Amino acid sequence: MPIPQQLGRGDKMGRGPYEKSGIIRDNGLPPNRPVLEQFEIPFPAEFVKKDGKDVTNILDYDMTVDIELIYEPFGDKDTGITWHKVTKKITLEKGGV
Amino acid sequence: MRTIRTTAVLAFLALPLLLPTGALAAAAEGKKAKSIDELAKMYDSTGCKQCHEEIYKEWEKSLHARSIYGTGRTAATIKTTVTVGLMGWKHSGVKKPEDVENRHLAICTKCHLPQLADATDDVAKEIVKNVNIFMDPKSSDDAKNKAEQQLTKISINCLVCHQRNAITHKWVDGFPQKNEVFGSKEGSHPDPAHPVMKKSPIMSESILCGQCHGLGPNFELENPSQCGTLYGSYLWAYRAEGGQESCQECHMRKSKLGHNMQSYNDLNMGKAAVDFRVETLGYIWRDKAKMIPQTLVKIEMINRAGHAIPDG
């Protein structure tokens, strides 16, 4: 959202409309321009030493990720409205060198 | 003597027929509304429902129909505007809610109730009084309901967009008159209060909406405020970059919402506003000697609205 500048001065965000004048920055989605977001989510795993070597024991090779785009008009999820929801299943290959 | 008396009676009977009604009468006499009820009467658009029933029902569902009360949040913000803003500022002239005048409340009402300009300061005080009753946790349910009823009597109704704000360039197109309604055609209009129908050159243009939906700080106020910035975003981030559609095109026509012109609350509007594409990739990252299993989630969003999302 356009983060409003408090009374058009300084580095503080204004509160109600009565304090807002200007924009410090806008972290929303501009029209017609792609916005990319990336997330890296670790699989559950334990890391141990075996014969002096690092060994990773993957506890689950499958992961389900729900990705939601939620519009939060009042800045909290209680009042949020889900515009898009995508569910992806990801599976790691077993074996390998 | 008898003749004179009869003539006088006839003159009094004829007078109401000659005088215009409602807003026209008030405007003709330069009168200002002194109460919420008088302002509601001055801008009474309930008569529109008789012929434009479907449109009227659409509008009733919109936030325009409760622009002072809103979802409750608008009323709450008016309260904090008074208590935190106006009463907290040294030079505002407001020490207590009863001190609020129209010029103070214009921070909100420039857009939430532009017709307040046709009222006395009494109406600003009455609005603040009702907002305080509505927001006070000690108020009884009955008192809250009555306050809510008062606040929802006045709103952005038919006459605000189709008369008061229907002309932006008044030196070119003329000043809207109280017996006129503005739409897409010229001609007569079968409403005794508004018998003249005129074509507004901006009824399908974004500038109509831009009057309220924000360029930034409202510098015409003694203490500028800024609620929305959508119209500024529309001009400089959308039109300037090649966008061609109008507010009405998306919020009324394509959405099929008509005069119930919703935005984020309507799920279809929300879905249509943003292209949302997700890719995932599971892989094992080698951090030196350590193998770390992880998923990459890549999300691409393209805002297809004619302005930044969200606004606020």
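Thresholds, definitions, all that
- Residues numbered from 1 in each chain as written.
- Chains lettered and ligands numbered in written order.
- Predicted model: local features only at pLDDT ≥ 70, side-chain atom pairs only at ≥ 80, totals over all residues.
- Pairing = 2+ DSSP bridges.
- Helix = DSSP H or I, 4+ residues; strand = E, 2+ residues; numbered from the N terminus.
- Axes fitted to C-alpha atoms, helices over the stretch in contact; angles between N-to-C directions.
- Parallel < 35°, antiparallel > 145°, perpendicular 65-115°, else oblique.
- Left-handed = near helix turned anticlockwise from the far one by under 90°.
- Contact = placed C-beta atoms within 7 Å.
- Nonpolar A, V, L, I, M, F, W, Y, C, P; charged D, E, K, R; others polar.
- Buried ≥ 20, exposed ≤ 12 C-beta atoms within 10 Å, placed from the backbone.

Draft legend 1. The sheet that holds strand β3 (residues 196-199) of chain B, seen in detail. Residue and element names in this part refer to chain B. The strand order across the open sheet built from three strands is β1-β3-β2, with neighbouring strands paired in mixed fashion. This sheet does not close on itself; its edge strands, each paired only once, are β1 (180-183) and β2 (187-188). The pairing of β2 with β3 spans two bridges and is classified as antiparallel. What sits directly across from Gly187, in β3, is Met197.

Draft legend 2. Here's a closer look at the packing of helix α6 (residues 102-112) of chain B against helix α7 (residues 121-135) of chain B. All names here are of chain B. Here α6 crosses α7 at 60°, and the two axes come no closer than 9 Å. By the criterion of interaxial angle, the relationship of α6 to α7 is oblique. Helix-helix and strand crossings are classified by hand; for α6 and α7 the assignment is left-handed. In contact with Asn102, His104 and Leu105 of α6, α7 contributes Asp121, Ala124 and Ile127. Residue composition of the contact of α6 with α7, by class: three nonpolar, two polar and one charged.

Draft legend 3. The pairing of strand β3 (residues 34-42) of chain A, seen in detail. With respect to burial, β3 of chain A is a largely exposed element, only zero of its nine residues being buried. Bridging between β3 of chain A and strand β5 (residues 290-303) of chain B involves nine bridges; their strand directions are antiparallel. If you follow Glu37 of chain A over to β5 of chain B, its bridge partner there is Ile299 of chain B.

Read these as spatial facts, not as claims about activity.
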